[in-house]
Amino acid sequence: MENQPDRLFGGILLAQSVLYAVLEKTVFSPCAALKEDGSHMSCHYSGETVFVFAVLLVLLSVAYLITKNRAKQKGVALAMGPCALISAFVPGGVIPLCMMNTMQCRILHQPGTLIFGILIAGTAFAAQ
């Protein structure tokens, strides 16, 4: 039963990461509007980048769950923290968003990503 906290943290990390990925493609998704020339706005690329980070977090949380060695679990958790924090600051930080504060990327995408990124990073750091 000494592995119980590790399984608990692994399950929480997996649930948070899967929820992050699903919400990023549904609720937190930036608007799908195109520019007049038919190209995507920069917020589209922000959403795609955050989704890639969310999938990476899912894979890392699965690795945390299937790893039996505690030192390796700590290493995986240590990798998840910065990944989650970087994903939190992609919208509006790394990739610019729309200028209007009433756009979906500013109302849902940016705060939702920030909340989930910090939440997952906190859980990953607590799992160490």
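Because the structure is predicted, anything quoted here is derived from the model rather than measured. (Residues numbered from 1 in each chain as written. Predicted model: local features only at pLDDT ≥ 70, side-chain atom pairs only at ≥ 80, totals over all residues. Heavy atoms only, no water.)

Novice: Looking at this model, I keep getting lost on the side chain of E24. Mind explaining?
Specialist: If you trace the backbone, E24 turns up in helix α1 (residues 4–25). For the buried E24, no salt bridge exists, and the shortest N-O distance to an oppositely charged side chain is 7.5 Å, to K25. Engagement of the side chain of E24 in a polar contact is seen with the side chain of T113, the distance being 3.3 Å. Each residue touching E24, except ones within four places of it in the same chain, is listed here: S29, P30, G47, V50, F51, H109 and T113. (Helix = DSSP H or I, 4+ residues; strand = E, 2+ residues; numbered from the N terminus. Buried < 20%, exposed > 50% of the residue type's maximum accessible area, 1.4 Å probe, protein only. Lys, Arg positive; Asp, Glu negative; His and termini not counted. Salt bridge = Lys/Arg side-chain N within 4 Å of Asp/Glu carboxyl O. Polar contact = N/O pair within 3.5 Å; in protein donor to acceptor, adjacent residues only side chain to side chain. Contact = heavy atoms within 4.5 Å.)

Novice: Could you clarify how one ought to interpret the packing of α1 against helix α2 (residues 42–66) in this entry?
Specialist: Helices that pack against each other are described as a pair by the angle of their axes relative to one another and the distance between those axes. Where α1 meets α2, the closest approach of the two axes is 8 Å, and the angle between their N-to-C directions is 160°. Compared by their axis directions, α1 and α2 come out roughly antiparallel. When you trace α1 past α2, the crossing you get is left-handed. Classifying every residue of the contact of α1 with α2 gives 14 nonpolar, five polar and five charged. (Axes fitted to C-alpha atoms, helices over the stretch in contact; angles between N-to-C directions. Parallel < 35°, antiparallel > 145°, perpendicular 65-115°, else oblique. Left-handed = near helix turned anticlockwise from the far one by under 90°. Nonpolar A, V, L, I, M, F, W, Y, C, P; charged D, E, K, R; others polar.)

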